[in-house]
Number of protein chains: 2
Amino acid sequence: MAKTVNVLPFAALSVDGGSPVPLYRQLYESLREAILSGRLAPGTRLASTREVAAELGVSRNTVTNAFEQLLAEGYVESRTGSGTYVSKSLPDELLDARARLTRRVRFERKGRGLSARGEALAKMQFKADCPALGPARPFRLGPAMDAFPFQTWQRIVTRHWQRPQRSLMGYGDPAGYPPLREAVASYLGAARAVRCTPEQVIIVAGTQQAIDLVGRVLLDPGDVAWVEEYSYPAARGALAAAGARLVPVPVDEEGLNVCQAAARAPGARLVYVSPSHQYPLGVTLSLARRLALLEWAARAGAWVLEDDYDSEFRYAGRPLAAMQGLDTGGRVIYLGTFSKVLFPSLRLGYMVVPPDMADAFTTARALVGWCSPLVDQAVLTEFIAEGHFARHIRRMRALYAGRQAALVEAAGRELRGVLEVGPDEAGMHLLGWLPEGVDDREAARAAAQYGVQAQPLSYFAVEHNRRGALVLGYAAHEEREIREAVGRMAAALRGVTARARRKVC
Amino acid sequence: MAKTVNVLPFAALSVDGGSPVPLYRQLYESLREAILSGRLAPGTRLASTREVAAELGVSRNTVTNAFEQLLAEGYVESRTGSGTYVSKSLPDELLDARARLTRRVRFERKGRGLSARGEALAKMQFKADCPALGPARPFRLGPAMDAFPFQTWQRIVTRHWQRPQRSLMGYGDPAGYPPLREAVASYLGAARAVRCTPEQVIIVAGTQQAIDLVGRVLLDPGDVAWVEEYSYPAARGALAAAGARLVPVPVDEEGLNVCQAAARAPGARLVYVSPSHQYPLGVTLSLARRLALLEWAARAGAWVLEDDYDSEFRYAGRPLAAMQGLDTGGRVIYLGTFSKVLFPSLRLGYMVVPPDMADAFTTARALVGWCSPLVDQAVLTEFIAEGHFARHIRRMRALYAGRQAALVEAAGRELRGVLEVGPDEAGMHLLGWLPEGVDDREAARAAAQYGVQAQPLSYFAVEHNRRGALVLGYAAHEEREIREAVGRMAAALRGVTARARRKVC
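Thresholds, definitions, all that
Residues numbered from 1 in each chain as written. Chains lettered and ligands numbered in written order. Predicted model: local features only at pLDDT ≥ 70, side-chain atom pairs only at ≥ 80, totals over all residues. Heavy atoms only, no water. Contact = heavy atoms within 4.5 Å. Buried area = accessible area lost by both parts, 1.4 Å probe. Salt bridge = Lys/Arg side-chain N within 4 Å of Asp/Glu carboxyl O. Polar contact = N/O pair within 3.5 Å; in protein donor to acceptor, adjacent residues only side chain to side chain. Nonpolar A, V, L, I, M, F, W, Y, C, P; charged D, E, K, R; others polar. Helix = DSSP H or I, 4+ residues; strand = E, 2+ residues; numbered from the N terminus. Expected span 1.5 Å × (residues − 1). Buried < 20%, exposed > 50% of the residue type's maximum accessible area, 1.4 Å probe, protein only. Pairing = 2+ DSSP bridges. pLDDT = per-residue confidence, 0-100.

Q: When you look at the interface of chain A and chain B in this model, what are you seeing that I'm missing?
A: Accessible area lost upon the coming together of the parts serves often as the stated size of an interface. Between chain A and chain B, the contact holds 129 residues from the first and 129 residues from the second. Each partner contributes to the roughly 11100 Å² buried at the junction of chain A and chain B, and carbon and sulfur atoms together form 57% of this total. In this assembly, chain A and chain B are joined by two salt bridges. When the shortest N-O distance is used, the salt bridge between Asp212 of chain B and Arg216 of chain A registers 2.9 Å. Here chain A is connected to chain B by 42 residue pairs in polar contact (both at pLDDT 80 or more). Looking at the side of chain A that touches chain B residue by residue, the classes come out as 71 nonpolar, 28 polar and 30 charged.

Structural data, given as structure tokens:
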């Protein structure tokens, strides 16, 4: 028989009544560590629960609980009438291994075996400079939260939880809540001339998830994708994370230049494009270019990923219909989001896929997290069905038009010579162009010091090769706030511009 | 000048007042199609809005709207004092291309250029036979919805929407709502002996999303992953979709057999394991095996993906602490979900990653859909903080113990000879073993005909090589329902068993 010493090293045990960790758990962990490190050898008899309780000044129940846990996990064994012993069935080599492991607790990620794509992913940093995070001050991008009909939303939410439907509590269809898919299909048909059945609509957790799914279902590592030279970095990130080789394509006044794209990378498998209102430059893809892009996609068997992120907000003229409605070859994947028309934290968006692709995308949607929260989907469906959605868009269109006008007017008055801000027929942001030679990151930093958030255009660039500019979200901010912020912006930019001029001289 | 014919083929235009599509949109689409197909040639003058309105019997405003849309999109041009003409700036070759495209509207996915991984993905079918979908009849898997404190939940939800915090409406931290991460860290420390700070906790849309993230951050295509020979198919699907080569590992009464795994595939980069309560076999991974697995992972620089999906429900003995708490090499990724303790459609779960991995996983989480809905996260945080979470778990533990006992008792009485159902110290389901020679899919089909849902064990198998069995979820069903269903199950299985015996003879 192995050594049986009637000793328990009380000094090595400690429990802290002020800790949030339960006392029994603290005691259990101390004992386990003592066993694994070898300080309590196999076969050692532990003191009785009464003795341990008295020594540590804890209740006997606490000690019993700790012992029971050790017993359940096999660290100790109980012999009738004789007491509790450190288990002998723990093979020595495992104890040694544990002791060795215990010594090297600190580690660095470097060389810890992230996958190659994991390493690439770890290098992408979106969080730090995401234009949508941080305090809600001008000119942060995003929709108006001061004008959202929260009371209406609350009424629908409360109604749902008062009489919860059991069918909305379990696992739903990965493609989305069927009534929401119907509502989206009918909305898109009427508002965007998208041609689809509800079966083609997949509900996702926002555009970001849709792009990720597209990258995985339609691209293999090494496949080439065209992206607009200025575009949303996290969208490019999702395609890059899927292994795509991204080729930036110049954007001119007609939008993405299809000829140049074809010349640069004729073998591309996909183009990611924001035709209604290029993000962030704001131009509209011309009809000729749209047709050329669809023609190319049909001929090449490639895919058009159409991001229609803010088409609801057009203030002059009629919105151009979606490219999806022009596509007869089944090459367009259409993306839309509720983040811009309702609120971002809802995390609901949709994609419209060709009919023969719906199954593949549904399976992919299931694999990346099954489905979106069902009650949120049901609430949104009612919000649409009761007409609140259409009404909210109409109200926001008027509100945002006024906010844009306020920004243009204030900028014309106060930013002359330091920032050139022109109107836009659509969208929720404007570009403000800086004088030649002024670095937009420096300008954004200066603005931040004056309490103004302005995303530098270069943030969106694959390769920044234009005049510096600031991207100014106006939708989320009251006209009064906008005017005030323009004043502070003027002070900030005058300093930056003067410094830049001195450098040139 | 090109031909200018003062003709509009009214016959080709049609609008339908009963359609949900607005009249102007119908007219616009008819005209656009006529232009693109060449039926209306470039340079053709359109009839006046008044003439078209009269001919079609619609308001002039409808026609004006349709014309304006065509104008905005460049299909027609307006010449002052002269009327509206089909645009000549549409290059002929584009029109030809359109005509060609229009002819082949039908297509099949086959050969349409899904990526290789997309094709593999499309072949995975989870939806059709998912054990958690379909009507909520016994013995569907999942938690009790009849016992959820919906009133409490509703009270918290309503409170949130009554005074909505603006900070909860925008884009949140991709790693999760900070107070929820704190609540999870402290819960896991106390209940599961998980050692972590809130910074190591990443909130995800359920275990499925976590596995997908792990596959992408930690595995490269072709990497080998060990999986338990019986396990959750969608979990394996997520790893396979990440390009992992899955090697099934035998499970015995001590759980996953580490020695056999190392012999079969020594170069594995990851093991996916459910140590607390193997899914679906129900065994617990022994302490010796846990230590061996951690030792292997530390030595090989491999990863242990610990799925702790239902550890809250243990009815006898104490639950074994999580492997994560034993891991000193930082090789364990710990996964948990609120789908089993609260309700699945909430779509919230969490992963605990080594401290040096938190950044990479946060970036990955952002790329696949940014963050989980913020209000849902905030409501859950309060549900935990106010003690409802702990109380609900305690109540469910008692309730489920009773339901399990009812199932075992009824099965012992009525299923003798056709299904062998023993008790389990933990979990939300039991295995019922069929007589030798009875196919479990056939048994499940027979049960379904009697209104009873019973998932065949073979559904969970990589390679099915055991006696047939049925997986019976009891947590979601009242004892009365359980007893009734057992009666119907008996009738169903007697038929199947008799048929199987006749085949053998």
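Q: What's the story with helix α11 (residues 287-300) of chain B in this structure? I'm lost.
A: Each full turn of the α-helix corresponds to 3.6 residues, which orients residues three or four apart in the same direction. Taking 1.5 Å per residue as the helical rise, α11 of chain B with its 14 residues ought to reach 20 Å, and the 20 Å between its terminal C-alpha atoms agrees with that figure. Gly301 of chain B, located one to two residues past α11 of chain B, shows a positive phi value of around 65 degrees.

Q: I keep staring at the pattern of salt bridges and nothing clicks. Help me out?
A: Between side chains of opposite charge, a pair can form as their charged atoms come close. All chains considered together, the criterion is met by 34 salt bridges over all chains. Between Arg413 of chain A and Glu409 of chain A there is a salt bridge, and its shortest N-O distance comes to 2.3 Å. Taken together, the residues Arg413 of chain A and Glu409 of chain A, both in helix α14 (residues 388-414) and four residues apart, mark about one turn of the helix. Using a relative accessible area of 46% as the deciding quantity, one classes Arg413 of chain A as partly exposed. Put simply, Asp146 of chain B and Arg403 of chain B hold a salt bridge, and the shortest N to O gap is 2.7 Å. Of this pair, Asp146 of chain B sits in the loop between α5 (116-123) and α6 (150-162) while Arg403 of chain B sits in helix α14 (residues 388-414), and the two are 257 residues apart along the sequence. Accessibility expressed as a relative area gives 33% for Asp146 of chain B, which makes it partly exposed. Accessibility expressed as a relative area gives 4% for Arg403 of chain B, which makes it buried. Linked through salt bridges whose partners overlap, the residues forming this network are Arg159, Glu382 and Glu386 of chain A.

Q: How do you make sense of the pairing of strand β10 (residues 332-337) of chain B when you look at a structure like this?
A: Working note: regular strand, side chains alternate between the two faces of the sheet. Residue and element names in this part refer to chain B. By the criterion of burial, β10 is predominantly enclosed, with six of the six residues buried. The alternating pattern of β10 places Val332, Tyr334 and Gly336 and Ile333, Leu335 and Thr337 on opposite faces, both of which are buried. In the sheet, strand β9 (residues 303-307) pairs with β10 via four bridges, with the strands oriented parallel. Bridging from a neighbouring strand, Leu305 pairs with Ile333 of β10. Pairing of β10 with strand β11 (residues 349-352) involves four bridges; the strand directions are antiparallel. Considered in β11, the bridge of Tyr334 is made with Val352.

Q: It is not clear to me how the confidence of the model for chain A should be interpreted in this structure. Could you clarify?
A: As a note on interpretation, predicted positions should not be read in detail where pLDDT is low. All names here are of chain A. Of all residues in chain A, 89% attain a pLDDT of 70 or more, and the chain-wide mean is 88. Taken together, the stretch residues 1-9 has pLDDT below 50 and engages in 23 contacts with residues farther than four places along the chain or on a different chain. Within the model, the stretch residues 99-107 combines pLDDT values under 50 with 16 contacts to residues more than four positions away or in other chains. Here the predicted complex scores 0.83 on pTM and 0.83 on ipTM.

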